[in-house]
Amino acid sequence: ANADGKSGFFPAAVYKLNESPTLQALGIRFSAILPYETSKKGDQKFEDRGTARIQDRMIEREKEMVSATLHSIDDAVIALDTDGRVTMMNGVAERMTGTTLAQSYGIEFDRLASLSLKSDGTPVSVAGGTGTETAMSSADPVILTPASGAAQRTITFTCAPIVTPEGETAGAVIVARDISAMLKI
């Protein structure tokens, strides 16, 4: 038992640490040492579990930052897989298409909305952008007609491939800007 009458490894360790002249000189005093799980599985080291927890938290934080960034953008952002199916969209894209991500997840973009040139009505396809290595942009205004029945909008857009660190194309991202209000001026 330590001087406080507490027994066990951790209370005794706290007592010994607090008796250290160096720590006392620095004004450092411990109140407790928090124990952690000590059972190991196979050859796993304690450090491996700690590192894994830190990495998991870092990944979670990175996801939160990507989500916050995505939802802070004033343009519609829609991510497609290699088959042209919706995998992600921000709030602006939801308003522009008249559907939520939950409703449109896994749906081919061409079933979500159609695109046509404002000048002559020629259909515009972004499906080709999911398998290319270069971005495509609309040089002229394009009419976006949501399949949901939401209002048509005049937009400009860019469709660029999503490329993995290994250099493989994982889909495409469409960034669309609603220019309807600008054209009314």
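The structure this text deals with has already been given above.
Residues numbered from 1 in each chain as written. Predicted model: local features only at pLDDT ≥ 70, side-chain atom pairs only at ≥ 80, totals over all residues. Heavy atoms only, no water.

J.: How would you summarise the overall build of the protein if you had to cite specific residues and measurements?
T.: Tallying secondary structure elements over the protein gives seven helices and eight strands in all. The long-range fraction of contacts in the protein, counting pairs at least 24 apart against all pairs at least 6 apart in sequence, stands at 40%. (Helix = DSSP H or I, 4+ residues; strand = E, 2+ residues; numbered from the N terminus. Contact = heavy atoms within 4.5 Å.)

J.: Please provide a residue-by-residue account of empty space enclosed by the protein, values included.
T.: Taken as a whole, this structure holds one cavity of 30 Å³ or more when the rule is applied. Lining the largest cavity are Ala76, Ile78, Ala93, Met96, Thr97, Phe109, Leu115, Leu144, Ile155, Ile174 and Ala176. Going through the elements one at a time, strand E1 (76–80), helix H4 (91–97) and strand E8 (169–178) are the ones with two or more residues in the lining of the largest cavity. Of the residues in the lining of the largest cavity, the class split is 10 nonpolar, one polar and no charged. (1 Å grid on protein atoms, 1.4 Å probe; cavity = no way out; pocket = protein on both sides within 12 Å on 5 of 7 lines; lining within 4 Å. Points joined across faces, edges and corners; volume = space filled by probe spheres on them. Nonpolar A, V, L, I, M, F, W, Y, C, P; charged D, E, K, R; others polar.)

J.: Can you lay out the side chain of aspartate 75 for me, pointing to particular residues and giving the numbers?
T.: Among the structural elements, aspartate 75 can be located in the loop between helix H3 (46–72) and E1. The residues touching aspartate 75, leaving out its near neighbours within four places in the chain, are Asn90, Val92, Val175, Ala176 and Arg177.

J.: Give me the pattern of salt bridges: which residues, what numbers.
T.: Charged atoms that come close allow side chains of opposite charge to pair. Inspection of the entire model under this criterion finds five salt bridges. Arginine 85 is paired through a salt bridge with glutamate 108; the nearest N and O atoms lie 3.8 Å apart. On the criterion of sequence distance, the pair formed by arginine 85 in the loop between E1 and strand E2 (86–89) and glutamate 108 in the loop between helix H5 (101–104) and helix H6 (109–112) is long-range, its members being 23 residues apart. Look at arginine 85 and you get partly exposed, because its relative accessible area is 30%. On the basis of relative accessible area, glutamate 108 is assigned to the partly exposed category, the value being 31%. Among the salt bridges present, the one from aspartate 178 reaches arginine 153, with a minimum N-O distance of 2.9 Å. (Salt bridge = Lys/Arg side-chain N within 4 Å of Asp/Glu carboxyl O. Buried < 20%, exposed > 50% of the residue type's maximum accessible area, 1.4 Å probe, protein only.)

J.: Help me get a handle on the environment of threonine 169, residues and values and all.
T.: Here threonine 169 lies in strand E8. In this structure threonine 169 comes out as partly exposed when scored by relative accessible area, which is 27%. A sequence separation of 87 residues divides threonine 169 from threonine 82, and the C-alpha atoms of the two residues are 7.4 Å apart.

J.: Lay out the nonpolar core in plain terms, naming residues and giving numbers.
T.: As a rule of thumb, nonpolar side chains are buried together in soluble globular proteins. Ile78, Phe109, Leu115, Val126, Ile155, Phe157 and Ile174 are the most contacted members of the largest nonpolar core, which totals 21 residues. At the level of secondary structure, the elements contributing two or more residues to this core comprise E1, E2, H4, H6, strand E3 (113–117), strand E6 (142–146), strand E7 (153–163) and E8. The contacts of phenylalanine 109, once residues within four sequence positions are left out, are Ile78, Leu80, Gly84, Leu115, Val126 and Ile174. (Core = buried A, V, L, I, M, F, W, Y, C linked by side-chain atoms within 4.5 Å.)

J.: Outline a nonpolar patch on the surface, listing residues and values.
T.: A cluster of nonpolar residues, Leu17, Leu26, Ile28 and Phe30, forms a patch on the protein surface that exposes about 340 Å² of accessible area. Assignment of secondary structure puts leucine 17 in helix H1 (residues 9–18). (Patch = residues over 30% accessible without salt bridge, like charges linked within 9 Å, V, L, I, M, F, W, Y side chains within 5 Å. Areas by Shrake-Rupley, 256 points an atom, 1.4 Å probe, with all protein chains shown as cover.)

J.: For the environment of tyrosine 105, give the residues involved together with the corresponding values.
T.: Here tyrosine 105 shows up in the loop between H5 and H6. With 18 residues separating them along the chain, tyrosine 105 and threonine 87 place their C-alpha atoms 5.5 Å apart. Leave out the neighbours within four places in its chain, and tyrosine 105 touches Val86 and Thr87.

J.: Describe the pairing of E6, and please don't skip the residues or the numbers.
T.: Looking down a regular strand, the side chains alternate between one sheet face and the other. In terms of burial, E6 is largely enclosed, as four of its five residues are buried. Two strands pair when backbone bridges link them, and E3 and E6 are joined in this way by five bridges, in the antiparallel orientation. By the bridge assignment, alanine 113 is partnered in E6 with proline 146. By the bridge criterion, three bridges tie E6 to E7 in an arrangement that is antiparallel. Pairing of leucine 144 across the sheet is with arginine 153, part of E7. Where E6 folds back on E7, the antiparallel hairpin that results is connected by six residues, among which glycine 149 adopts a positive phi of roughly 95°. (Pairing = 2+ DSSP bridges.)

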